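Residue-level structural notes
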Amino acid sequence: MNPRTRRPAASAEGAPEAAPGEGATPPSGLRTIKKYPNRRLYDTQTSSYITLADVKDMVMAVEQFIVVDAKTGEDLTRSILLQIILEEETGGVPMFSTQALAQIIRFYGHTMQGVMGNYLEKNIQSFIDLQSRLTENSVVNLPNPMQSFMTSYVEQSSQIFTQMQEQMAKQAETLMGAIQPKK
């Protein structure tokens, strides 16, 4: 059977049509995917089982969804997205080098962990925005579209990094001022 084919729910699979698990209720308006102990994913909108490939399709279509544990209601969305990234990284041309992955891992538990996550998120959004602008502008109007694109991206990335450094300096000043003894 094609792995992307959606299969109707089977009653032997834990009755997905039943009331949600005892955990928190997902926010209204979000498409809810339930993950069952047998590792199957159930789309409550289509009343069918789906695969990680189907979830990837939803991401590509910019659909808003949440993946919850069917029993506890725990939000598993990040875990599922990481599984998709893992499959993509192992199934073709990887986006991240071994060195880049090692460097990212080194930030876990480091005081800069939150800053790094924020920096990466803003950089990715900046890259997407620039890519969108490049697509909107006629390639004919640009003498060297890739050079212009990369120059703009590097400038925005540099600005984001500078803003982050300034925020960290302000936070350090505030922290040091609170720590120093009064004379």
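Scroll up to find the structure.
What counts, and where the lines are drawn
Residues numbered from 1 in each chain as written. Predicted model: local features only at pLDDT ≥ 70, side-chain atom pairs only at ≥ 80, totals over all residues. Heavy atoms only, no water. Core = buried A, V, L, I, M, F, W, Y, C linked by side-chain atoms within 4.5 Å. Buried < 20%, exposed > 50% of the residue type's maximum accessible area, 1.4 Å probe, protein only. Helix = DSSP H or I, 4+ residues; strand = E, 2+ residues; numbered from the N terminus. Contact = heavy atoms within 4.5 Å. 1 Å grid on protein atoms, 1.4 Å probe; cavity = no way out; pocket = protein on both sides within 12 Å on 5 of 7 lines; lining within 4 Å. Points joined across faces, edges and corners; volume = space filled by probe spheres on them. Nonpolar A, V, L, I, M, F, W, Y, C, P; charged D, E, K, R; others polar. Polar contact = N/O pair within 3.5 Å; in protein donor to acceptor, adjacent residues only side chain to side chain. Pairing = 2+ DSSP bridges. Phe/Tyr/Trp six-rings, centres within 6.5 Å; stacked < 30°, edge-to-face > 60°. Lys NZ or Arg CZ within 6 Å of the ring centre and 35° of its normal. Salt bridge = Lys/Arg side-chain N within 4 Å of Asp/Glu carboxyl O.

**Here's the deal with the nonpolar core**
- In this structure, Ile-33, Leu-41, Ile-50, Leu-52, Val-55, Met-58, Phe-65, Val-67, Leu-76, Ile-80 and Ile-84 together form the largest nonpolar core, which totals 11 residues.
- Elements that contribute at least two residues to this core include exactly α1 (52–60), β5 (65–69) and α2 (77–90).
- In this view, Met-58 contacts Arg-31, Ile-33, Ile-50, Glu-63 and Phe-65; residues no more than four positions away in its chain are not counted.

**Side note on the layout of surface pockets**
- Quantified by volume, the largest pocket comes out at close to 2200 Å³.
- In this structure, the largest pocket is lined by 39 residues; those nearest its centre are Leu-82, Ile-85, Met-95, Phe-96 and Ile-124.
- Looking at the lining of the largest pocket, the elements with two or more residues in it are α1, α2, α3 (98–107), α4 (113–136) and α5 (145–179).
- A total of 12 residues in the lining of the largest pocket trace back to one element, the largest contributor, which is α4.
- For the lining of the largest pocket, the residue count by class is 24 nonpolar, nine polar and six charged.
- Taken as a whole, the second largest pocket holds about 210 Å³ of empty space.
- Forming the boundary of the second largest pocket are 11 residues, of which Arg-39, Arg-40, Leu-41, Thr-51 and Leu-52 lie nearest the centre.
- For the lining of the second largest pocket, the secondary-structure elements that each account for two or more residues are β4 (48–50) and α2.
- Looking at side-chain class alone, the lining of the second largest pocket contains five nonpolar, two polar and four charged residues.

**Describing the side chain of Ser-48**
- Within the secondary structure, Ser-48 sits in strand β4.
- Reaching out from Ser-48, the side chain makes a polar contact with the side chain of Thr-46 at a distance of 2.7 Å.

**Let's talk about the pairing of β5**
- Counting buried residues along β5, four of its five residues qualify, which places the element largely inside the surrounding structure.
- Summarising the sheet, strand β2 (residues 31–35) and β5 pair through five bridges and their orientation is parallel. Paired with Lys-34 across the strands is Val-68, a residue of β5.

**Here we look at the packing of aromatic side chains**
- Scanning the model with the defined rule gives one aromatic pair in all.
- Ring centres 5.3 Å apart and planes at 70° place the aromatic pair Tyr-42 and Tyr-49 in the edge-to-face group. For the pair formed by Tyr-42 and Tyr-49, the shared burial category is buried.
- Directly above the aromatic system of Tyr-49 lies the positively charged group of Arg-40, at a separation of 3.9 Å from the ring centroid.

**A short note on the pattern of salt bridges**
- For the coordinates displayed, the defined rule picks out three salt bridges.
- Arg-31 is the partner of Glu-63 in a salt bridge, and the nearest nitrogen-oxygen pair spans 2.3 Å. Here Glu-63, found in the loop between α1 and β5, pairs with Arg-31, found in strand β2; they are 32 residues apart in sequence, far enough to count as distant.
- Between Lys-56 and Glu-88 there is a salt bridge, with the nearest N and O atoms lying 2.9 Å from each other. Of the two residues, Lys-56 is situated in helix α1 and Glu-88 in helix α2; the sequence distance between them amounts to 32 residues.
- A cluster of three or more residues bridged by salt bridges with shared partners is formed by Arg-31, Asp-43 and Glu-63.

**A closer look at the pairing of β2**
- Burial within β2 is extensive, with five of its five residues counted as buried.
- By the alternation rule, side chains of β2 split into Arg-31, Ile-33 and Lys-35 and Thr-32 and Lys-34, which are all buried.
- As judged from the three bridges shared by β2 and strand β3 (residues 41–43), these two strands associate in the antiparallel manner. Bridged to Ile-33 within β3 is Asp-43.
- Hairpin connection between β2 and β3: a loop of five residues separates the two successive antiparallel strands, and Arg-39 in this loop has a positive phi of roughly 75°.

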